Amino acid sequence: MSSINSLNLISEYYSSNSEDEEEENEKYKKIGESFSVPQSILLWKGVPHHEEIIDNPSDHKGKIRTFKHERGNWATLVYVNYTPSDVMLSWIRSIGILLPKDSNILFEQFHVSLTRTLILKFHWIESFVESLKKLFQKTNKFTMELTDIKVYCNEERTRTFLGINCYSNVLNYLISTIDNLLKEYQLPLFYEDPSFHISILWWVGDKEDYLNKVLPSIKSSFNKFLIDYTEENYVHINELYCKVGNKLYTFKLQ
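Residues numbered from 1 in each chain as written. Predicted model: local features only at pLDDT ≥ 70, side-chain atom pairs only at ≥ 80, totals over all residues. Heavy atoms only, no water.

Visitor: Even after reading the chapter, I still don't get the packing of helix H4 (residues 86-94) against helix H7 (residues 208-228), so can you show me in this structure?
Guide: When two helices pack together, their arrangement is given by the angle between their axes and by how far apart the axes lie. Running from N to C, H4 and H7 cross one another at 160°; their axes reach a closest spacing of 11 Å. Comparing their axes, H7 and H4 come out roughly antiparallel. The crossing of H4 and H7 is right-handed. Judged by residue contacts, Val87, Met88 and Trp91 of H4 engage Ile218, Ser221, Phe222 and Phe225 from H7. (Axes fitted to C-alpha atoms, helices over the stretch in contact; angles between N-to-C directions. Helix = DSSP H or I, 4+ residues; strand = E, 2+ residues; numbered from the N terminus. Parallel < 35°, antiparallel > 145°, perpendicular 65-115°, else oblique. Left-handed = near helix turned anticlockwise from the far one by under 90°. Contact = heavy atoms within 4.5 Å.)

Structural data, given as structure tokens:
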């Protein structure tokens with residue numbers, strides 16, 4: 001995003017605030033004042049990333065928003081990126097014969113979530129990103145293991161996922177440290193009993209019962225895949241990511 005566009009965005013944001021938004025900003029003023037923030041978010045540049053603004057499920061394969069898009073609210077996610085190999089993508093396609101026909105491969109982005117989808121106020125973004133930067137500067141590169149297949153359904157039961165479970169002690173450490181940061185912003189913490197996973201396919205609606213019936217066959221296929229391609233068992237993590245609205249921030253690990 002150019003400096004001019006950024007200034008225009010800031011100007012537009014402040015000029016369009018309603019009285020209600022001003023009252024809410026005042027409520028959170030003390031939170032923002034407790035952090036030392038850079039002069040401009042441009043000191044730490046994110047790169048353009050896709051975003052969804054219009055609440056029209058037909059525009060994004062039937063996905064239903066779990067919160068309403070509002071000016072000044074920025075959907076935020078901290079995560080581990082996963083780039084599947086060609087053989088992994090082939091395996092994902094191969095299990096299609098066992099699955100409902102309306103499945104969607106998550107080509108846009110395979111990842112392991114380290115936060116829930118958070119809602120950041122515009123004036124929190126700078127300090128939040130800077131805090132993550134400092135946090136991850138102290139984190140070493142690590143390896144996570146792909147272990148199993150599991151069915152997941154979101155809290156609203158509007159989407160169902162098939163995921164590859166992951167394991168690493170570092171993931172638990174990251175959740176703990178990120179949660180401490182979220183407490184300072186009074187944002188929701190990660191799940192109490194986290195199940196780290198890479199969602200590989202998804203469906204609109206609740207299809208958990210159906211998928212659990214075919215899960216044993218999928219697990220058997222996955223286990224055979226890991227035996228045949230042992231190099232796919234482990235994923236080396238060198239970077240972590242944070243997506244804020246349409247901006248993507250990359251953090252290199254030690």
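Visitor: Explain the UniProt feature "active site" (unreviewed entry) in the protein to me, please; I cannot follow it from the model alone.
Guide: Under the feature "active site" (unreviewed entry), the UniProt entry names His111 and His197. The named residues occupy 87 residues along the chain; their greatest pairwise C-alpha distance, 7.9 Å, places them in one compact cluster. Assignment of secondary structure puts His111 in strand S4 (residues 110-113). Contacts of His111, omitting those with residues within four sequence positions, involve Leu77, Tyr79, Val80, Asn81, Tyr82, His197, Ile198 and Ser199. Reaching out from His111, the side chain makes a polar contact with the side chain of Ser113 at a distance of 3.3 Å. Topologically, His197 is positioned in strand S8 (residues 197-204). Setting aside chain neighbours within four positions, we find His197 in contact with His111, Val112, Tyr152, Gly163, Ile164, Asn165 and Cys166. At 2.7 Å, the side chain of His197 and the backbone oxygen of Ser195 are in polar contact. (UniProt positions renumbered as here; feature names shortened; annotations may be inferred. Polar contact = N/O pair within 3.5 Å; in protein donor to acceptor, adjacent residues only side chain to side chain.)

Visitor: Help me understand the nonpolar core, please; the structure alone is not making it clear to me.
Guide: Note that soluble globular proteins tend to have their nonpolar side chains buried in a common cluster. Ranked by internal contacts, the top residues of the largest apolar core, which has 64 residues, are Trp91, Phe128, Phe136, Leu162 and Ile198. Of all the elements, H7 adds the most residues to this core, at 7 residues. When neighbours within four sequence positions are excluded, Leu162 is seen to be in contact with Ile95, Leu99, Ile149, Lys150, Val151, Ile198, Ser199, Ile200, Leu201, Trp203, Leu215 and Ile218. (Core = buried A, V, L, I, M, F, W, Y, C linked by side-chain atoms within 4.5 Å. Buried < 20%, exposed > 50% of the residue type's maximum accessible area, 1.4 Å probe, protein only.)

Visitor: So what exactly am I meant to see when it comes to the sheet that holds S8 here?
Guide: Within a sheet, each strand pairs with its neighbour through backbone hydrogen bonds, oriented either parallel or antiparallel. Strand order in this open sheet of 5 strands is S3-S8-S7-S6-S9, and the pairing throughout is antiparallel. Whereas interior strands pair on both sides, the edge strands pair on one side only; in this sheet they are strand S3 (104-105) and strand S9 (234-237). Across 8 bridges, the pairing between strand S6 (residues 142-153) and strand S7 (residues 159-167) is antiparallel. Its bridge partner being in S7, Tyr152 is matched across the sheet by Phe161. Where helix H6 (residues 169-184) meets the sheet, its contacts fall on S6 and S7, and the angle it forms with S6 comes to roughly 75°. Packed onto the sheet, H7 meets S6, S7 and S8 and runs at close to 150° relative to S6. (Pairing = 2+ DSSP bridges.)

Visitor: Would you mind going over unusual backbone geometry with me for this structure?
Guide: Most peptide bonds adopt trans geometry, and most residues besides glycine take a negative phi value. Non-glycine residue Arg157 carries a positive phi angle of around 60°. Residue position: Arg157 is located in the loop between S6 and S7. Classification of Arg157 as partly exposed rests on a relative accessible area of 38%. Unlike most non-glycine residues, Gln186 shows phi in positive territory, near 55°. Among the secondary structure elements, Gln186 is positioned in the loop between H6 and S8.

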